[in-house]
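Geometric and topological summary
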Amino acid sequence: EIRLQGSLSHNAFSGNEAVLVKVSLKNRSSEAIQFIAVELKESISFSANSHSSTRENVLAATELPGLAAGGTLEDASVQLKLPPSFANSSVRTSLLTIQPTVEVIAVTGCCVTDPALNLPVT
C-alpha cells in the first residue's frame, strides 16, 4: 500500500506567484518510489458546434527524491513558480474551459500503478 497526500498553501494564484505544495507519502509496498513529480498543469478545452479540442500544458515542475520500500516522507514542501503570463485561475464558459491543477505523482518504475493526486487551483 502506498498512501500519497498533498495540499496547497492556498488555492487561488496569479502570475509570478509561488505555489507552495506540501507532500506526504507512506510507502508500505515492497517497491521503492523512484521520485515524486510535482507539476502545475493547465488544461484548456474548447467546444463549438461539433468540434472540440483539449490541450494540456505544464507551467512549472519539480521533483522530490525517491523513497525506499517501507519508508515515510512527512510534510515535504516544494515551491513552483508561476509564469508571468498566468492570468487567472479556472475559467468555465459555454465554449472554453481552463482548469489549472497541481498534479503529484509517486513514480514507482515498475509493477505498481503510480499513485497520483490532482489538487485543483480555483
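In the block above lies the structure referred to throughout.
To start, this report covers the structure provided alongside it. (Residues numbered from 1 in each chain as written. Predicted model: local features only at pLDDT ≥ 70, side-chain atom pairs only at ≥ 80, totals over all residues. Heavy atoms only, no water.)

This part covers the nonpolar core. If you look at the biggest cluster of nonpolar residues, it comprises 26 residues, and the most contacted ones within it are Val21, Val38, Val102 and Val104. Of all the secondary-structure elements, those providing two or more residues to this core are β1 (2–8), β2 (18–27), β3 (33–48), β4 (51–67), β5 (72–81), β7 (96–107) and β8 (116–120). Those residues in contact with Val38, other than ones at most four positions away along the chain, are Val21, Val23, Ala60, Ala61, Thr62, Val78, Leu80, Val102, Glu103 and Val104. (Core = buried A, V, L, I, M, F, W, Y, C linked by side-chain atoms within 4.5 Å. Buried < 20%, exposed > 50% of the residue type's maximum accessible area, 1.4 Å probe, protein only. Helix = DSSP H or I, 4+ residues; strand = E, 2+ residues; numbered from the N terminus. Contact = heavy atoms within 4.5 Å.)

We now examine the pairing of β3. Pairing of β3 with β4 involves 15 bridges; the strand directions are antiparallel. Within the sheet, the bridge partner assigned to Ala48 lies in β4 and is His51. The hairpin turn running from β3 into β4, its antiparallel successor, is 2 residues long, and Asn49 in that turn takes a positive phi close to 55 degrees. Bridge analysis of β3 against β7 gives 12 bridges, and the strand direction is antiparallel. (Pairing = 2+ DSSP bridges.)

What follows is about unusual backbone geometry. The phi torsion at Asn16 lies on the positive side, around 70 degrees, for a residue other than glycine. Positionally, Asn16 belongs in the loop between β1 and β2. With a relative accessible area of 43%, Asn16 lands in the partly exposed category.

Geometric values such as these leave the question of function open.
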